[in-house]
Every structure is written in C-alpha cells, then in structure tokens.
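A structural walkthrough
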Amino acid sequence: MAKERIYEVAKELGIDNKVVVDKAKDLGFDVTNHMSSLEDSQVNQLKSSFQNSAPANKKQEKSSKKNNKIKISVSSIRKNEKKSENDNQKHKKNNNRRRNNRNHDHAQRNERNHEQKPAARDLLKQFKQKQRAEESTLNKQAQKAKKEYHEQLKHPRKDNKPTNNPKKNIKESPKAEKTETKVIGPKILKPSPARLKKNQSSIKKEIPKVALSNEAPKENNNRGNGHGRNTGKPGRKGKNQFFNNHNEHSDRQERRRRKNKKRQHEQVPKKQPTQRKERPLPDVLVYEEGMNAQDLGKLLHREPAELVKKLFMLGVMTNQNQSLDKDTIELLAAEYGIEAKQKVHEDISDIDKLYDKRMEASKKSDHQVKRPPVVTIMGHVDHGKTTLLDRLRHTHVSAHEAGGITQKIGAYQVRLDDRLITFLDTPGHAAFSNMRARGAEITDIVVLVVAADDGVMPQTIEAIDHAKSAGVPIIVAINKMDVPGANPQHVTEQLMKYNLIPEDYGGDTIYVNISAKTGENVDDLLQMILLQSDVMELQADPKQMAIGTVIEARLSRGRGPVADLLIQQGTLNVGDPIVVGNTFGRVRTMTNDRGRQVKKATPSMPVEITGLNSVPESADKLVEFEDEKTARSVGESRAQQALQKSRENVQHVTLDNLFDTMKKENMKEVDIVLKADVQGSVEALQQSLEKINVEGVRVNIIHSGVGAINESDVTLAGASNAFIIGFNVRPTATAKSQAETDGVDIRLYSIIYKAIDDVTAAMKGMLEPTYEEKVTGNLTVRETWKVSKVGTIAGAFVDSGYVTRDSGIRVIRDGVVVYDGKVASLKRFQDDVKQVKQGFDCGLTIENYNDIKIDDQLEAYEMQEVKPQ
Ligand SMILES: Nc1nc2c(ncn2[C@@H]2O[C@H](COP(=O)(O)OP(=O)(O)OP(=O)(O)O)[C@@H](O)[C@H]2O)c(=O)[nH]1
C-alpha cells in the first residue's frame, strides 16, 4: 500500500495541516511537516485519534461560533477595514460551504473547526493592533479637535458655523464617513460646551472606552472644574489608567497655570503708575508760557515722554525740561484735540496796586480804630519851621517820654492829652520841594508856617499848591508873634487870596497865631490839629497786612541799608517779609523816633528799619508779604524791571566832549547818573542840576541813588553815554576799572555848587579846568594807634600808586567819603619819608582827623594843572 502524506490526511479530515502534523508528532510518528509520509497503520491511528476527539471539536465549533459573533461585532465597527472584510468573506464562504454541505461528515466539520480556530486568533490579534492604532489616532484627533475648538472660540468664523445636527456634521466631513472615531472631530468643533457634552454621551454609546477616557480631560478643561481624573470609573486599569495618569498630569499643570494666573491677577493692582495713562484729558489746557513737557504732562495726565514724542512727530525737537513757547503748547493741545488757554497772571510785582488795594480794603474793614494824624510843616525859608519842630520835639517828646532822646528819622510823634500827632520832619529848602510834594501824599494835615513879620512868600504859595493838589487841609500857623513888627492881619489877608478863609470870615481854615521861639499858643496849634483830625475821622485797620511809605533811606556802616518808614495801615512786626520800592527783605530791627527798639509798628507810627537788601528811595511804597520767598521774587523782579526801564528810557549821549556833541547831535538833554552819600544830597543836587538850561538843552538825571558808584551805574552810564556825578561817594574798585575800560567819565565832587558849575560850563563849551584832581594812590588801613598829643596814627598798606607827604587824602568807609583833608605826617618805621609806593606799609596821620578805623580806604590825590582842550 502506497504511503499517504500528512496534507492528504489533513485534507481528508478537513483539518489544518499543522494540527495533523502536531497530532502525528503526539502519536510518536516520525514526521517533520505536512509533506511527511505515513504508513497505512499510522494513517488509521491518526484518523481514529481525531475521531476520538470529536466532542472537543464540538466545543471548538462552539467557541468558533462565539468568535464569529465577536468578529461580526468587530466588523460592524470597522467597516473600512479591508482585511476584516476579507476575513468575513472567508468566514462567509466557510459558512456557505457548511450550509451547502449539510450532509458533510463529522470529519469535515472537524476540519472546518480546525480552520476557524487560527482565523479567530488572527482576527483578535489584528483587532488589538487596530485598537492600539485607533487609540493613537483618536488621541491625535482629539488633540487636534481641541485645538481647533479653542481657536474657533477665540476667532469665530462666519463660514464655519457648526450645525446642530451631528449627522449633518458627519456628512460635511468627508473623513467622518470612514470611521466612527472621526465623528469626534466635527463634534468637538461645536462651540457650545453643552453640545460637546451631548456629543460625548453619544460617543460613549458607540465608541470604546478608549475614546471616553480621552474625552474626560477635554470636558474638564472646558468646564474648568479641575476634577478630570475622577470622571473615569473607579478601578479602571491598563490603557485607561495611562490616560488617567496623563490627565492627572495635565490637571496638575492646569492647576499650576491657574494658580500663576491668579497670582498675576493679584499682582496687577500693585502696578499703580500705569493708571496715570488711563486718566482722561482735560477739556481745556490752562497753560503758562515757558512750561516744559513735565509741567504739561501733569496737566494733560500724560507721560512727559509721550509729549516729547508727539512734539517730535510734529517737528519740534525738545526734551522734557526745555521750556516751550505759546505756539508749541497750543500746537500740542490741538494734537490732543483740546482747547488751550493761557493763564492770566496777576502781577504781584505791582506793589503800588497792592498798596492801593489794601488802602481801600482798610476803609471797609470792621477793625478800624482812630489813628494819629500825620502832619507836615511847610512854609517859606526862615519862617520858623525848624524852630517849631524843635520846640515840639523837645517840649512834647522829651518832656513826656522819660529818657527819650528824639532820633532824626524823618518823622516823630508828639503827645498832647494822651493823643499822638505824627510830624514829618521835612526841611523847607527849595531843593527839597520834590520831597515836600511827596510828603503831602502821606500827610493828613499841612501846617503852613508864615512869619507874621514877613508875610506870604514864593515858597508859601508853592506849599499851598502842593497841599491843595493833594487835597490836604491846611492849618495856618502865623509865627513869630513875639516879634514887635508882627502883623497877623496882613498875613491873613494875603492868604485869603489863596482861598484860605479863616472861620471868622465864614471860611473853614483854622488860623493859630504862635511863637515857635517862645512856645506861645503851640499847644493851641496841637489842639487844632487834633480837632481837624477828629473832623476828618482818621482811622486805620491795625489787623491787616502792613503798608507804608519811605520817608528817608540811607546806607549805614554795620547795619546796612536803613529806611525811615511811616506805617499807614496794618501792623509791621519784626521778622515780617517786605518789599520796599525795588528792594526786599525781612524786618531785622525796628527803632522808634525815640531810639528805642520796638517789635511792632502801628498805623501813623514812624520807625527806622533794617533788613533790606539795598537802599530804597524816598516815597517808595512798603508792602508786607506773606512769605519771604514771594517778597524776594517780587523785589528782584521789580529791580530788574526798574533797570530795564531806565535802559529803555535813556538817550544816546556822549560826555567827553559835551559841548561839541550837543552841537553836532542837536541834543536837547544831557544824561547824568547821580550818586550821593545821603538821599537829601541826591535830591538837592538833582533839583539844582535839572534847573540848568543852556540854550534849550537841559539835564536829565537818568538814575540817582545813595551809596558808592557801582558796576550797575557804570553799565547804565556806558549804555546811554551818560556821565556819572558822585557827591561825597567813590566808585568801587570793579566799577572804577569798568569805567576805565568802557570810557565812562566819573566826576567826583564834595561841593554842590562846584558840580553845578562844572556841568553848566561843559554845556556852554567853557569847561576849561585849570586844575584837575588826580588820584595818585590807594591805601588800606590795617592798624591804628592812638598816641596822646599826636592823635590817631594809621598803619596803612599802599595797594596801588603812591602817597606823598603833601598829598590830599580822603577817608572812605563803605564807599562813602567820611573825611577829606591832608596828610599830616608820613613815616616808614620811625623815619619821616617823602613818598611811599605800592606794596609798602607806612604810618600816617591826617590833619585834624583822628577817627581813622581799621579797613578804612585812604585815597591819596594831588591837584594837577590841566591844559585846556
Ligand atoms: N523871634 C522869633 N524868631 C523865630 C521864631 N521862629 C523862628 N525864629 C527864628 O527864625 C530863624 C529861622 O528859623 P528856622 O526855624 O530855621 O526857619 P526855617 O523855616 O526852618 O528855615 P529853613 O530851614 O531854612 O527853611 C531862626 O533864627 C529862628 O530863631 C519865632 O517864633 N520868634
């Protein structure tokens, strides 16, 4: 019998070759593969062994059916899987074959079962592989869909409106038709979280758990509840556990992210400076010219850098600190679209206005009290003004104020029946008429002194005019009643011509016949003054800020500028910041007319004050300020304005050849800068010089003042080609050198008429000085010795030039000439010498002068003959 091969047996039994080979090996046959041949006996044994295992085959068939069921369910899920389709087809074929061979024998059925067994395993294996691949695909798709969803939330597109119908969404997506898993994509694209939840639940029904575990974090992310890992079922292991772990990690990151975000939110309010940017622009920009970007930034609520940038864009190169002009500021405002308005400034430097304002305010005040009248005595020369003032000073001041010595401070107060009267101590010389006129401004009552033996004279009339123009009532004091030829009736008749009608004649002018010399009726005069003041109801408010007027001012050695003031309203206290004329300061000391230090000055009280930064002028206004800073700025601004004004007003005049210049330039005025030691000298000289009139050309004093000739005077004179006249003063060292450089002529005098004569002669072209003073040297006193019978010896150092035994010598203290005389003796050590030159010490005495002090400047000079020009 021919041998049968294993594959033939397997075919016969309908069992897989491998199964048969394995069985043959089990039975101990020498076989290696399906081509191995078997003996007949072996074939029979093999066949019978398969027949014995039939129940097992039935079991296998059952499991095969079970597998088929699985295959069917899997195939229903994976419709797009070709391999699965092939398997199904194969399976169907087997089924068909089974159906067609109903009469097939048992062995055939077994063979079929054996064939189904490996096919099911393969399918399961493939299914698992597929499942893994799908998981990864699902993950990717889920991530992608999540991303798209968030993007869509951020940037919703009109053309990508998701429909509410999931099926429609599936149709819209070509890929959606292929796999159920891809349905997730479009579903996730739905913007509504509720829709997402709905979709998720629908997926839950169809999709394996893999998809569900992947959905959980997405849902959690959308809801932001932070409990994603709890959404999975408890005890879930394996792949789901992996996703849960992954979700846990994501959650942790999410929580951390939220925490950081929260912290950032908490930190945001701390960044306050950014709020400034958010403040709205003002409706109107109220600006001042000269403001810079920083100032404007504050007004506009914008950063200065922003303004600088804006201006740069407008073509204006600037920085934050640079002052901007009006046009630029308005341009900037227009750029911001707002209106610009320039701030209107009240000029506080106009103290005259402030003075008037306070004067008016006092009239309406509720704190008004009676104040002493301020009286000025006027009259013609030698009619007895000074005698009357002296009498009042000595009889009504010293007598009543124990120990009081009247100080000459331009005014003083007398007392009668516990009432005070303030007298302005104005001299009656014609040169001071200007001051008299000013005096009338602060004067309440004028006492017109007319000598009963002389009658009305020119200055009497002038005094009447001044008083009348000032609206000040006049009390007539007919003086010298003690003189035998006194004729008061004649004087009364004369005065009636000037509308001074006595009460006896139906008028209202008070007449008092007095004798200043004897004191007759002087008290009556005071009574009449008080009566007149009562009629006038003179009142003041001592509680308001002080105002006053300068009566007299000077420069004092050691005390600096000193001003005699009359307080008119308010109360001036020591320490008060003040502006006086073009000067400012703080009241350092205050002295009354009896030389006593006082702490406050009430209305109508004359006081001498120190503490000003420079010497003011007579009739300058005093105004008290709230603070020193304002007083300083006002004072400085006024000084600047005054200088500017004087420069603007000056006319170009040359001095060196005054007569020729006058002719050549057809000059009408000769400009002079005038400096003197005291205000009285300034005014006297000014009056005299201004009276000079040579062929229609007159003198114009462009500036006058008290104290040494300084650089400012030289600058002013240089700019206007004026010359400088110094009366009892000297130029400072720098002013002197500047005058030499600028060619400014400084003329120094100690006699008024000499100065007037020189100027007159120069204007007439007749200035032919025969002698001219030449300063030969300057010395500084370094030591002094007082020797009996000799006097004071000055140990001096020659700073420049030389000094001789015959030199004239001037003692200059603080720029003011305090003595002018001759050198009495000149020594080097113990020896008399003729001359001491620059750089050497010497000892000298001055004729008839012993008040030499350390630091005094000595000016040695000689009179040299000068040839006519
Ligand atoms: N007999 C007499 N002489 C008087 C009287 N008053 C003044 N005198 C004299 O008149 C002269 C001038 O007096 P002053 O007081 O200097 O006159 P004044 O008006 O001040 O003169 P000026 O200062 O130059 O303006 C002096 O010699 C006085 O002594 C008076 O009542 N009787």
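Heads up: these notes are all about the structure in this document. Remember, predicted model here, so these are calculated numbers, not experimental data.

Thresholds applied
Each chain has its residues counted from 1, running along the sequence as written. Thresholds applied to this predicted model are a pLDDT of at least 70 for local features of residues and 80 or more for the giving and counting of side-chain atom pairs; totals over whole chains, interfaces and linings are not thresholded and use all residues. Only hydrogens and water are set aside when side-chain values are computed; all heavy atoms of the structure are taken into account. Think of it this way: any DSSP run of H or I at least four residues long counts as a helix, any run of E at least two long counts as a strand, and we number them from the N terminus. Buried means the residue's accessible area, taken with a 1.4 Å probe over protein chains only, is under 20% of the maximum for its type, while exposed means over 50%, and partly exposed covers the values in between. Contact definition: two residues touch when any of their heavy atoms are within 4.5 Å. Where accessible areas are quoted, they stem from the Shrake-Rupley method and a 1.4 Å probe; at the residue level, only the protein chains shown are allowed to cover. Being paired, for any two strands, means DSSP has found at least two bridges between them. Geometry is summarised by axes, namely lines fitted to C-alpha atoms with helices restricted to the contacting stretch, and by angles between N-to-C directions that run from 0 to 180 degrees. Between rings of Phe, Tyr and Trp, where Trp is taken as its six-membered ring, a pair exists when centres lie within 6.5 Å; planes separated by under 30 degrees are stacked, by over 60 edge-to-face, and by other angles tilted. Look at NZ for Lys and CZ for Arg. If either is within 6 Å of the ring centre and within 35 degrees of the ring normal, a charge sits over the ring. A cutoff of 4 Å decides nearness: a residue is near a molecule or strand if any of its heavy atoms lies inside that distance of it. Counting of polar contacts relies on pairs of N or O atoms within 3.5 Å, with two restrictions inside protein: one atom must be capable of donating a hydrogen and the other of accepting it, and residues adjacent in sequence are counted only when both atoms are side-chain atoms. Throughout, the ten residues Ala, Val, Leu, Ile, Met, Phe, Trp, Tyr, Cys and Pro are labelled nonpolar, Asp, Glu, Lys and Arg are labelled charged, and all others, Gly among them, are labelled polar. Only buried residues count toward a nonpolar core, which is a set of Ala, Val, Leu, Ile, Met, Phe, Trp, Tyr and Cys residues joined through side-chain atoms within 4.5 Å. Starting at the helix axis, one direction is taken to each C-beta atom, and the arc is that of these directions. Just so you know how the angles are binned, under 35 degrees is roughly parallel, over 145 roughly antiparallel, 65 to 115 roughly perpendicular, and the rest oblique. Left-handed describes a crossing whose near helix is turned anticlockwise from the far helix through less than a right angle; right-handed describes the clockwise counterpart. In this scheme, a helix's expected span is set at 1.5 Å multiplied by one less than its residue total. Take a side-chain nitrogen of Lys or Arg and a carboxyl oxygen of Asp or Glu: if they are within 4 Å of each other, that pair is a salt bridge. Patches draw on residues past 30% relative accessible area with no salt bridge. Two like charges within 9 Å are joined, as are two nonpolar side chains (Val, Leu, Ile, Met, Phe, Trp, Tyr) within 5 Å.

A word on the overall build of the protein chain
Counting its regular elements, the protein chain contains 27 helices and 33 strands. Put simply, the protein chain has 869 residues, and 44% of those count as buried. Long-range pairs, those at least 24 residues apart, make up 69% of the contacts in the protein chain with a sequence separation of at least 6. Accessible surface for the protein chain amounts to roughly 47500 Å². Of this, 48% is attributable to carbon and sulfur atoms.

Observations regarding the environment of E39
Mapping E39 onto the fold places it in the loop between β2 (37-38) and α3 (40-52). Judged by relative accessible area, E39 falls into the partly exposed class, the value being 37%. Distance from E39 to K3, taken between C-alpha atoms, is 5.4 Å for residues 36 residues apart in sequence.

Remarks on the sheet that holds strand β22 (residues 693-694)
With mixed pairing, the five strands of this open sheet are ordered in space as β22-β23-β21-β24-β25. Strands at the two margins of the open sheet, each flanked by one partner only, are β22 and β25 (746-749). Relative to strand β23 (residues 697-706), β22 is paired through two bridges, and the arrangement is antiparallel. Bridged to V694 within β23 is V697. Lying on the sheet, helix α27 (residues 752-764) is in contact with β21 (669-676), β22, β23, β24 (723-727) and β25; it crosses β23 at an angle near 140°.

Notes on the packing of aromatic side chains
For the structure on display, the rule yields two aromatic pairs. The ring centre of F797 lies 4.2 Å from the NZ or CZ of R782, which sits over that ring.

Regarding the sheet that holds strand β9 (residues 445-451)
Think of a sheet as strands paired side by side through backbone hydrogen bonds, with each pair either parallel or antiparallel. The six strands lie next to each other as β7-β8-β6-β9-β10-β11, forming an open sheet whose pairing is mixed. Every interior strand has two partners, whereas the edge strands, β7 (411-416) and β11 (510-513), have only one. Ignoring which end each strand starts from, the neighbouring axes of this sheet average 30° apart. Contacts from helix α21 (residues 522-536) reach β6 (374-379), β7, β8 (419-424), β9, β10 (474-479) and β11, with the element oriented near 100° to β8.

So, unusual backbone geometry
Trans is the common state for peptide bonds, and a negative phi is the common state for residues other than glycine. Even without being a glycine, D382 presents a positive backbone phi close to 65°. Along the polypeptide, D382 turns up in the loop between β6 and α17 (385-398).

As for the site of the ligand
Taken together, 16 residues lie near the ligand, and K385, T386, T387, D482 and A516 sit nearest. Between the ligand and T386, the relevant distance is 2.5 Å, taken from an oxygen atom to a side-chain nitrogen or oxygen of the residue. K480 is positioned such that a nitrogen or oxygen atom in its side chain is 3.2 Å from an oxygen atom of the ligand. Computed on the free molecule, the ligand has an accessible area of 640 Å², of which 72% lies beneath the protein chains in the complex. Ranked by residues supplied to the shell around the ligand, first place goes to α17 with three residues. In terms of residue class, the shell around the ligand is made up of three nonpolar, eight polar and five charged.

Concerning the nonpolar core
Formed by 40 residues in total, the largest nonpolar core has its most connected members in L572, I609, L689, I725 and V759. Among the nonpolar cores identified, the runner-up in size contains 24 residues, and L389, V449, V512 and L530 belong to it.

Digging into helix α13 (residues 293-300)
Among the residues of α13, those classed as buried are A293, L296, G297 and L300. Axial view of α13: buried residues confined to an arc of 110°, hence all on one face. One side-chain oxygen of the residue at the start of α13 lies 3.1 Å from the amide nitrogen of Q294, identifying that residue as N292. H301, located one to two residues past α13, shows a positive phi value of around 60°.

Some remarks on the packing of helix α24 (residues 679-691) against α27
For the pair α24 and α27, the least separation of the axes is 10 Å and the interaxial angle reads 30°. Between α24 and α27, the angle falls in the class roughly parallel. Classified by chirality, the crossing of α27 by α24 is right-handed. Contacts between α24 and α27 involve A684, L685, S688 and L689 from the former and I752, A755, I756 and V759 from the latter. Each residue belonging to the contact of α24 with α27 can be placed in one class, and the counts come to seven nonpolar, one polar and no charged.

Here we look at α27
Counted at 1.5 Å a residue, the expected span for α27 with its 13 residues is 18 Å, and the 19 Å between its end C-alpha atoms agrees. By the burial criterion, the buried members of α27 are A755, I756, D758, V759, T760, A761, A762 and M763.

With respect to the pairing of strand β3 (residues 284-287)
Burial along β3 is one-sided: the residues L285 and Y287 are buried and none of V284 and V286 is. Relative to strand β4 (residues 339-342), β3 is paired through four bridges, and the arrangement is parallel. From the neighbouring strand, V286 faces β4, where its bridge partner is K341.

Concerning the environment of I15
Mapped onto the elements of the fold, I15 is located in the loop between α1 (6-13) and α2 (17-26). Assessed through its relative accessible area of 4%, I15 is described here as buried. As a C-alpha pair, I15 and F50 span 35 residues in sequence and 9.4 Å in three-dimensional space.

Overview of the pattern of salt bridges
Under the defined criterion, the tally for this structure stands at 26 salt bridges. Two residues, E12 and K47, come together in a salt bridge whose shortest N-O distance is 2.1 Å. Of the two residues, E12 is situated in helix α1 and K47 in helix α3; the sequence distance between them amounts to 35 residues. One salt bridge connects R810 with D820, and the closest N-O pair in it is separated by 3.1 Å. Taken together, the residues R810 in strand β28 (residues 808-813) and D820 in strand β29 (residues 816-828) connect sequence positions 10 residues apart. Here the salt bridges do not stand alone but share partners, grouping R730, E773, R810, D820 and E859 into one network.

Overview of a nonpolar patch on the surface
On the surface, a nonpolar cluster with roughly 390 Å² of combined accessible area is contributed by F312, M313 and M317. You can call F312 partly exposed: its relative accessible area is 47%.

Topic: the packing of α1 against α2
Running from amino to carboxyl end, α1 crosses α2 at an angle of 115°, the nearest separation of the two axes being 9 Å. Handedness of the crossing formed by α1 with α2: right-handed. Taken together, the residues of α2 that come into contact with α1 (itself represented by I6, Y7, V9 and A10) are N17, V20, V21 and A24. Across the contact of α1 with α2, the residue classes break down as seven nonpolar, one polar and no charged.

Details of the side chain of S618
Relative to the helices and strands, S618 resides in the loop between β19 (606-612) and β20 (621-624). Given the relative accessible area of 4%, S618 is considered buried. A polar contact is formed between the side chain of S618 and the side chain of E683, at a distance of 3.4 Å.

Focus: the side chain of Q494
Along the polypeptide, Q494 turns up in helix α20 (residues 488-496). When neighbours within four sequence positions are excluded, Q494 is seen to be in contact with G455 and V456.

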